[in-house]
Amino acid sequence: MRTLVTAKQMKAIDAYTINTIGVPSMVLMERAAMWVARAVEETAGKADVIWAVCGTGNNGADGVAAARMLHLKGYKTSLFVVGDPDRGTAEFLAQSAIARNLGMQMRPWQEAAGEDCVVLIDAVFGVGLSRPIEGEYRQCMEMLEARHAAHTVAVDIPSGIHGDTGQVMGMALKADVTVTFGWEKMGTALYPGRAYAGTVRVCDIGFPESALDAVRDQEEGYGYGLTYESSDLCLIPDRPAYSNKGTFGKVLIAAGSKNMCGAAYLSALAAYRTGAGLVKLLTVEENRQILQERLPEAIIATYTSDQLIQGREEFKKMIEEQMNWADVVVLGPGLGSEPYVEYLVEDILTSAFVPVIIDADGLNAIAGHPYLTTYFTENIIITPHLGEMARLIGESIDAVKENLTGAALEYAGRYGITCVLKDAATVVAGKDGTLYVNSSGNSAMAKAGSGDVLTGIIAGLAAIGMEEEQAALMGVYLHGRAGEQAAGKIGQHSLLASDLADCIGAAMKSVAHE
């Protein structure tokens, strides 16, 4: 499990380490610069021209120190400054003085325009950037972008990337390697920041774990981030030898409409592949035959729209019976938008006392009929994509995209539920402020039905004993791992959602068994 921190948290960790623990700022800076210099040495030859382009803050000071270390080793290193060097931080002024004492020139960035550069050390902006880049700084970065350095090493975060959201603040520089310190920043875990960061190396420069703990305690856990790694697969419950199909939970999937049975099939298949003992599909009568043929392992229960609307009391009793049977419920995939869907969603939400994973048309019904949120309980998991989330909160898709973590945390906190907000880097927000950013998966998974497989995986994990929030976190991670497995076998372009489901078993294997 890896920790992800926001810009605010990293600043607080830095301040705590310096002011409370007593580690001098310059000691941390020297260690940071050493890691940056090492990253450059892996690529640069002694004959290659290295530019260190530095702002006047502490990020720029890191860049100056790294350039000085490379200079002392005989590399052709040039130092360029953007901004007023006389108004830099105390650390920047100290590092600049050391560089000058060693015979290095600190030139304004404009003088770099006519020279060549093979390796660029990007130390213009750190994690504190909070507004769009303009003026001299933008001109400098446009010049650097146009130079097309063969290799770029970013200090802490690529310049122009927001440290919390990963958004491009007007423009940003792409890195081949980002050398970051202490803990990975949220902005390089989320897109588009992840695409700009290249390979992220998290380097130890002396921040103690107690500094992170102190910051978490101050924020009462709100908003701290994490992401899973293969070693976290050990969190999946084992299957005891003395067991039967009932031991591993019963999943009810209310899904599918006329001519739309694929979503129901994929969710059910994924739930079984993840380990659920029994899966029952609650769907329209028209889907019975094809689902029985495609997935004979599943139990089928059907209804008609007329039953739902005209025989309300009788239908509610049937739903209550289904809820009493189920240990986990999936609600929404492929339900469509007919008027009866509102009543189906209401009946299930009012009758369920087990985890309910709401997806797709279940969410659209809630967005269209907001009173349905009054039935939310703490065992609800919602799995919206950007469009569905935008409808739920009444915002534009662009507004959601600009702050994925904020949208997910706010909605989860407002209703006391778990929110899985799907994107290229899916985020999961827990009701207590836990924030997960997924690091697995690939673009091959951007296919119809992929989300239906995810709901089935989460349901399967809940069925075999994981708590709702943990099932959501692990489900997202496993879904991405299955995508990696499937793409490796089939190729990036040819992957289908059913291939994801078929690779769940391989995705659940730990590294020790691979």
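Rules used throughout
- Residues numbered from 1 in each chain as written.
- Predicted model: local features only at pLDDT ≥ 70, side-chain atom pairs only at ≥ 80, totals over all residues.
- Heavy atoms only, no water.
- Helix = DSSP H or I, 4+ residues; strand = E, 2+ residues; numbered from the N terminus.
- Buried < 20%, exposed > 50% of the residue type's maximum accessible area, 1.4 Å probe, protein only.
- Contact = heavy atoms within 4.5 Å.
- Areas by Shrake-Rupley, 256 points an atom, 1.4 Å probe, with all protein chains shown as cover.
- Pairing = 2+ DSSP bridges.
- Right-handed = clockwise from strand over helix to strand, strands pointing away.
- Domains from an automatic or database assignment.
- Buried area = accessible area lost by both parts, 1.4 Å probe.
- Salt bridge = Lys/Arg side-chain N within 4 Å of Asp/Glu carboxyl O.
- UniProt positions renumbered as here; feature names shortened; annotations may be inferred.
- Axes fitted to C-alpha atoms, helices over the stretch in contact; angles between N-to-C directions.
- Expected span 1.5 Å × (residues − 1).
- Arc of directions from axis to C-beta.
- Phe/Tyr/Trp six-rings, centres within 6.5 Å; stacked < 30°, edge-to-face > 60°.
- Lys NZ or Arg CZ within 6 Å of the ring centre and 35° of its normal.
- Polar contact = N/O pair within 3.5 Å; in protein donor to acceptor, adjacent residues only side chain to side chain.

Visitor: Explain the overall build of the protein here, please?
Guide: What the protein contains, in helices and strands, is 21 helices and 19 strands. In terms of overall dimensions, the protein has a C-alpha envelope of 85 × 45 × 40 Å along the principal axes. Buried positions account for 57% of the 514 residues belonging to the protein. Nonlocal contacts in the protein, meaning residues at least 24 apart in sequence, comprise 74% of its contacts between residues at least 6 apart. Surface accessibility of the protein: about 20900 Å² in total, with carbon and sulfur atoms responsible for 49%.

Visitor: Any chance you could explain the pairing of strand E5 (residues 119–123) here in plain terms?
Guide: Here is the key point about a regular strand: its side chains alternate between the two faces of the sheet. Most of E5 sits inside the fold, with five of its five residues counted as buried. In this sheet, E5 lies alongside strand E2 (residues 49–54) in parallel orientation, the contact comprising five bridges. Paired with Val 53 across the strands is Asp 122, a residue of E5. The pairing of E5 with strand E6 (residues 151–155) spans four bridges and is classified as parallel. Paired with Leu 120 across the strands is Thr 152, a residue of E6. In this fold, the crossover linking E5 to E6 by way of helix H5 (residues 135–147) has right-handed handedness.

Visitor: Any chance you could explain the domain arrangement of the protein here in plain terms?
Guide: By a frequent convention, interface size equals the accessible area lost on bringing the separate parts together. Assigned domains within the protein: domain 1 (23–208) and domain 2 (230–235 + 243–508). If you average the C-alpha positions of domain 1 and of domain 2, the two centres end up 43 Å apart. Across the contact, seven residues belong to domain 1 and twelve residues belong to domain 2. Across the domain 1 to domain 2 interface the summed buried area is about 680 Å²; carbon plus sulfur atoms make up 66%. Among the residues domain 1 hides against domain 2, the three largest losses belong to Leu 190, Tyr 191 and Arg 194. Together they make up 55% of the total. Our enumeration of links across domain 1 and domain 2 arrives at zero salt bridges.

Visitor: Would you mind showing me how to read the UniProt feature "domain: YjeF N-terminal" (unreviewed entry) in the protein here?
Guide: Feature annotation in UniProt assigns "domain: YjeF N-terminal" (unreviewed entry) to the following positions: residues 10–213. Taken end to end, residues 10–213 is 41% helix and 18% strand, and its two terminal C-alpha atoms sit 12 Å from one another.

Visitor: Looking at this structure, how should I read the sheet that holds strand E7 (residues 177–181)?
Guide: Backbone hydrogen bonds hold the strands of a sheet together, and the pairing may be parallel or antiparallel. One open sheet holds the seven strands; their spatial order is E4-E3-E2-E5-E6-E7-E9, and the pairing between them is parallel. What marks the edges here is a single partner per strand, and that holds for strand E4 (106–108) and strand E9 (199–203). Adjacent strand axes in the sheet meet at a mean angle of 25° when their direction is disregarded. Here helix H2 (residues 25–41) sits on the sheet and contacts E2, E5, E6, E7 and E9; the angle it forms with E7, its principal contact strand, is near 165°. Sitting on the sheet, H5 is in contact with E2 and E5, with an inclination near 160° to E2.

Visitor: Just to check I follow, could you spell out the sheet that holds strand E14 (residues 328–331) for this structure?
Guide: Pairing in this open sheet of twelve strands is mixed, and the strands run E8-E1-E10-E19-E18-E17-E16-E15-E14-E11-E12-E13 from one edge to the other. Only two strands of the sheet have a single partner each, and these edge strands are strand E8 (184–185) and strand E13 (299–303). Pairing analysis gives three bridges linking strand E18 (residues 427–429) to strand E19 (residues 435–437), with the strands arranged antiparallel. Residue pairing in the sheet places Ala 429 in a bridge with Leu 435 of E19. On the sheet, helix H9 (residues 262–274) packs against strand E11 (250–254) and strand E12 (278–284) and is oriented at approximately 170° with respect to E12. The strands that helix H18 (residues 450–463) touches are E11, E14, strand E15 (356–358), strand E16 (380–382) and strand E17 (418–421); relative to E14, the one it contacts most, it runs at about 170°.

Visitor: Looking at this structure, I do not really get helix H4 (residues 90–101). What am I missing?
Guide: Every α-helix winds through 3.6 residues per turn, so residues three or four apart in the chain are directed the same way. Under the 1.5 Å per step criterion, the end-to-end length of H4 is 17 Å for twelve residues, consistent within 8% with the ideal 16 Å. Buried within H4 we find Glu 91, Phe 92, Gln 95, Ser 96 and Ala 99. An end-on view of H4 places all buried positions within 130° of arc, on one side of the element. Opposite the buried face of H4, at more than 90 degrees from it, the exposed residues are Ala 90 and Asn 101. Turning to H4, the residues buried within the fold contact H2, helix H3 (58–72), strand E3 (76–81) and E4. Taken from the residues just after H4, Gly 103 is the one with a positive phi, measuring 85°.

Visitor: Sorry, what's going on with the packing of aromatic side chains here?
Guide: Each aromatic ring pair is characterised by the separation of its centres together with the angle its planes make. Counted by the stated rule, this structure contains ten aromatic pairs. Taken together, a centroid distance of 6.3 Å and an interplanar angle of 75° make the contact between Tyr 303 and Tyr 340 edge-to-face. Of this pair, Tyr 303 sits in strand E13 while Tyr 340 sits in helix H13 (residues 340–351), and the two are 37 residues apart along the sequence. Classification of Tyr 303 by relative accessible area gives buried; the value is 1%. Summarising the aromatic geometry, the rings of Tyr 411 and Tyr 415 are spaced 4.8 Å apart at their centres and angled 55° between planes, so their arrangement reads as tilted. Residue Tyr 411 and its partner Tyr 415 are located together in helix H17 (residues 404–415), separated by four residues, close to a single helical turn. What makes Tyr 411 buried here is its relative accessible area of 1%. Through a chain of ring-to-ring contacts, the aromatic side chains of Tyr 228, Tyr 436 and Tyr 477 assemble into a single cluster. Cation over ring: Arg 239 sits above Phe 248, and NZ or CZ is 3.5 Å from the ring centre.

Visitor: Before we go on, may I ask you to explain the environment of His 151 in this structure?
Guide: With respect to the helices, strands and loops of the structure, His 151 is situated in strand E6. Each C-alpha atom, one on His 151 and one on Thr 43, is 7.5 Å from the other, the two residues being 108 residues apart in sequence. Apart from residues lying up to four places away in sequence, His 151 is in contact with Thr 43, Val 118, Val 119, Leu 120, Asp 176 and Val 177. Among the polar contacts made by the side chain of His 151, one reaches the side chain of Thr 43 at a distance of 3.3 Å.

Visitor: Explain unusual backbone geometry here, please?
Guide: What you tend to see is this: most non-glycine residues have negative phi, and most peptide bonds are trans. A cis geometry characterises the amide bond from Tyr 191 onward to Pro 192, with omega recorded as 5°. Along the polypeptide, Pro 192 turns up in the loop between helix H6 (186–189) and helix H7 (193–197). In this structure, His 148 takes a positive phi of about 50° despite not being glycine. Look at Asn 259: it is not a glycine, yet its phi comes out positive at around 65°. Among the secondary structure elements, Asn 259 is positioned in the loop between E11 and H9.

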